[in-house]
Amino acid sequence: MHAYDLISAQDTYRADADQTVFDVAHAMVERNIGAVPVLRDGLLVGIFSERDLMKRVVVAERDPRTTRVEEVMTNDPLTVSPDESLENCMLLMRRHGFRHLPVCQGKQLRGIISLRDILLHDLSEKDHEVRMMRAYIQASPEV
C-alpha cells in the first residue's frame with residue numbers, strides 16, 4: 001500500500017502562511033488535528049504542529065493573535081511522493097521523530113499522513129486477516 005491510498009479520499013485542512021497562530025490553532029482544535037501543512041501561493045512552505053505551538057509560541061511567550069504561523073512553523077518539512085510505501089513513511093517518521101508527513105508532487109501538496117492513519121490502517125488490515133482465518137477454520141472439515 002502507498003501514501004496515495006491513505007490520502008486519496010482525504011480533505012486536508014491547509015493553513016496560509018499569513019494566518020495568525022490563533023486562527024490556525026482554532027481550526028486544529030475544531031478538526032481534532034495535530035499538524036497543519038502551511039502554504040504560500042498554493043505551494044508547501046512548512047508545517048505547523050502542536051509541538052511548534054508549545055515550543056515557539058507558548059513557551060516563547062508570543063501572542064498567538066498577532067504572530068503569523070510562518071514565523072513559528074517548521075520550515076521546509078520532509079515530504080514523500082504519493083507512491084511512497086506506507087512502510088517507508090513509518091520508517092521516516094520513526095527515524096526523524098515526527099508524527100505527520102506531507103505528501104507532495106514537487107511542492108504541490110496532495111495530502112498529509114499521520115502516524116495514527118498508518119496504525120489504524122494496519123489494525124484494520126490485521127482485523128480483516130483474523131476474520132478471514134476464522135472463517136477458513138470454521139469452514140474446514142473436521143479431521
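This one's a predicted model, so the numbers in the text were calculated from it and none came from an experiment.

## Topic: the pairing of strand 5 (residues 100–105)
Most of strand 5 is tucked away, with five of its six residues classed as buried. With six bridges connecting them, strand 5 and strand 6 (residues 108–114) associate as antiparallel partners. Opposite V103, over in strand 6, you have G111 as the bridge partner. Hairpin geometry of strand 5 and strand 6 is characterised by an intervening segment of two residues between the two adjacent antiparallel strands and by a positive phi of about 70 degrees at G106.

## Digging into unusual backbone geometry
Within the chain, N32 stands out as a residue other than glycine whose phi angle is a positive 55 degrees. Within the fold, N32 resides in the loop between helix 2 (21–31) and strand 2 (35–40). Residue N32 is classed as exposed on the basis of its relative accessible area, which comes to 57%.

## Structural notes on the pattern of salt bridges
One pass over the structure, following the stated rule, counts nine salt bridges. E50 is the partner of R99 in a salt bridge, and the nearest nitrogen-oxygen pair spans 3.9 Å. With a gap of 49 residues between them, R99 in the loop between helix 5 (86–96) and strand 5 and E50 in helix 3 (residues 50–58) connect regions that are remote in the sequence. Residue R99 is classed as partly exposed on the basis of its relative accessible area, which comes to 44%. Judged by its relative accessible area of 41%, E50 is partly exposed. The network of salt bridges with common partners includes D18, R40, R62, R68, E70 and E71.

Rules and cut-offs
Residues numbered from 1 in each chain as written. Predicted model: local features only at pLDDT ≥ 70, side-chain atom pairs only at ≥ 80, totals over all residues. Heavy atoms only, no water. Buried < 20%, exposed > 50% of the residue type's maximum accessible area, 1.4 Å probe, protein only. Helix = DSSP H or I, 4+ residues; strand = E, 2+ residues; numbered from the N terminus. Pairing = 2+ DSSP bridges. Salt bridge = Lys/Arg side-chain N within 4 Å of Asp/Glu carboxyl O.

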